[in-house]
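Chains, contacts and geometry: an overview
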Amino acid sequence: MSIFEYNGSALVAMVGKNCFAIASDRRLGVQLQTIATDFQRISKIHDRVFLGLSGLATDAQTLYQRLVFRHKLYQLREERDMKPETFANLVSAILYEKRFGPYFCQPVIAGLGDEDKPFICTMDSIGAKELAKDFVVAGTASESLYGACESMFKEDMEPEELFETVSQALLSSVDRDCLSGWGGHVYVVTPTEVKERILKGRMD
Amino acid sequence: MSKAVVELPPKGGFNFDLCRRNEMLLKKGASPPSFRKTGTTIVGLIYQEGVILGADTRATAGSIVCDKNCEKIHYMAPNIYCCGAGTAADTEAVTDMVSSQLQLHRYHTSRESRVATALTLLKSHLFNYQGYVQAALVLGGVDVTGPHLHMIYPHGSTDALPFATMGSGSLAAMAVFESKYCEGLNKEEGINLVCEAICAGIFNDLGSGSNVDICVITKGHKEYLRNYRVPNTRAHFSSKEFTFPKKTEVLLTKIVPLREKIEVTEDGDAMEE
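As the structure is a computational prediction, the values presented were derived from the model and not from experiment.

A few points about the overall build of chain A
Helix and strand counts for chain A stand at four helices and twelve strands. Compactness check: chain A gives a C-alpha radius of gyration of 16 Å against a globular reference of 17 Å for 204 residues, within 12% of the reference. Each principal axis of the C-alpha distribution contributes one length, and for chain A these read about 45 × 40 × 25 Å. Each of the 204 residues in chain A was classed as buried or not, and the buried ones make up 65%. Contacts in chain A between residues far apart in sequence, at least 24 positions, make up 62% of those at least 6 positions apart. Accessible surface, chain A as shown: approximately 7800 Å² in total, 47% of it carbon and sulfur. Here chain A carries 23 positive and 29 negative side-chain charges, and the mean point of each set is 4 Å from the other.

Structure follows, in structure tokens:
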């Protein structure tokens, strides 16, 4: 049993036209027993940067708290919000610091950078960044998600179409993974608003 | 009086806080995660005017390709580049760290960096960690003493060679080099040879794939040719796009408008003296 399969998770982020979407499943389990069906995996760092953490839930929560702390310090010093590229570098450095005793988390970072250009990135548990121009995936359902996103993704999707694509990719992938599912949580972020939607999925 | 201990962010180096907990988890049967490796074919060769480095662009996590177009040729100095194979986080961290050290050294000495400096910094860091930092590098550059090409192994040993290959596809690439390399190649011949060697790795080694990146370094000039050759484009696109006639069922929608940008125009009267 891999340590990543202890809690189970599914995360995906996709780029659209001047917008991005980040989505996760809602199950929290302890190996094969489900203990929560409304677990929040995606958190807002600031208005334009969202962070999703897959993997061991306890490490995800600790890492999230440390990152919020560092971001607040940054806001106090610089009097502005962190750019998504900078935030990704920060997460990478914090994870690599624990190279020989890592956090068992895979973060997915999504944000709107300068000139409202969407930015997405994922990392392995020791901070090796993967910057993609189309989509990134993480979690126990990642293999199915790779397949689903690879075939469903199109360039320059508008927010509504992007939402539909991300939701269908997520729901179809978690259906093939025992450890994730129980609905979905999708955030679609454009320069003017953040639309958060909870999806109805198979409850098994 | 109680002493308030404020936890400041740590100042660099590795942190071993979680090692004990992770060992406990390992004993309980939880297998450790697989890190992202770069599988890889990386090569370098010295030609008439300088150094040519080449790399493929596939990154793997276990047997899944997690990045189809990653960058394996890292910047060290304006005249020095380094290709990295092994654990992706280690190659990125080590090359970034030495690149910053070289920059500081340049400020200190007001001179162009030398390849030997980068080599010593890299090998001493890797030797310090006794091979646990799994980075296998091909370092190439042109400085005042001429063109240099080195191979650096994860345990800290180095080789200086006219042509070098590293990574899981190194045998395929070395076969090409051993049969076709000669001294005094010109730029075009050099680039073609490097391309052929990387393609040998891409097509024959499962850990390497996607495209070819090339970097040409000469005295006072460098050319970074990202995706110089793209031999693996997706050929079959379905003409019918994915459409979803049955929409996803949404239980709850929450819309949060972000702050509007307010433009202030100078409309009022000027201030009276």
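That covers the picture; the talk isn't over yet.
Quick look at helix α4 (residues 159-174) of chain A
Taking 1.5 Å of rise per residue, 16 residues should cover 22 Å, and α4 of chain A covers 22 Å from first to last C-alpha, within 8% of that figure. Of all 16 residues making up α4 of chain A, twelve are buried, and the element is well covered by its neighbours. Every buried residue of α4 of chain A is listed here: Leu-162, Phe-163, Glu-164, Thr-165, Val-166, Ser-167, Gln-168, Ala-169, Leu-170, Leu-171, Ser-173 and Val-174 of chain A. For α4 of chain A, the elements touching its buried residues are β1 (10-15), β2 (20-25), α3 (142-152), β11 (184-189) and β12 (193-199) of chain A together with β13 (250-257) of chain B.

Quick notes on the side chain of Thr-41 of chain B
Mapped onto the elements, Thr-41 of chain B comes out in the loop between α1 (19-27) and β1 (42-46). In this structure Thr-41 of chain B touches Gly-54, Ala-55, Asp-56, Met-166, Gly-169, Ala-173, Ala-197, Ile-198, Gly-201, Ile-202, Asp-205 and Ser-208 of chain B, once residues within four positions along its chain are discounted.

Notes on the pattern of salt bridges
As enumerated under the stated definition, the model contains 20 salt bridges over all chains in all. Two residues, Asp-17 of chain B and Lys-98 of chain A, come together in a salt bridge whose shortest N-O distance is 3.9 Å. Of this pair, Asp-17 of chain B sits in the segment before α1 while Lys-98 of chain A sits in the loop between α2 (84-97) and β7 (105-112), on two different chains. Given the relative accessible area of 59%, Asp-17 of chain B is considered exposed. Classification of Lys-98 of chain A by relative accessible area gives buried; the value is 3%.

Topic: the nonpolar core
In terms of nonpolar packing, the biggest core is built from 30 residues, with Val-12, Met-14 and Val-166 of chain A touching the most fellow members. Broken down by secondary-structure element, the contributors of at least two residues to this core are β1, β2, β10 (135-139), α3, α4 and β11 of chain A. With seven residues, the single largest contributor to this core is α4 of chain A. Ignoring anything within four residues of it in the chain, the contact list for Val-166 of chain A reads Val-12, Met-14, Ala-21, Ala-23 and Val-186 of chain A. Membership of the second largest hydrophobic core comes to 24 residues, among which are Ala-77, Ile-80, Cys-82 and Leu-139 of chain B.

What counts and how
- Residues numbered from 1 in each chain as written.
- Chains lettered and ligands numbered in written order.
- Predicted model: local features only at pLDDT ≥ 70, side-chain atom pairs only at ≥ 80, totals over all residues.
- Heavy atoms only, no water.
- Helix = DSSP H or I, 4+ residues; strand = E, 2+ residues; numbered from the N terminus.
- Rg over C-alpha atoms; globule rule 2.2 N^0.38 Å.
- Buried < 20%, exposed > 50% of the residue type's maximum accessible area, 1.4 Å probe, protein only.
- Contact = heavy atoms within 4.5 Å.
- Areas by Shrake-Rupley, 256 points an atom, 1.4 Å probe, with all protein chains shown as cover.
- Lys, Arg positive; Asp, Glu negative; His and termini not counted.
- Charge placed at Lys NZ, Arg CZ, Asp CG, Glu CD.
- Expected span 1.5 Å × (residues − 1).
- Salt bridge = Lys/Arg side-chain N within 4 Å of Asp/Glu carboxyl O.
- Core = buried A, V, L, I, M, F, W, Y, C linked by side-chain atoms within 4.5 Å.

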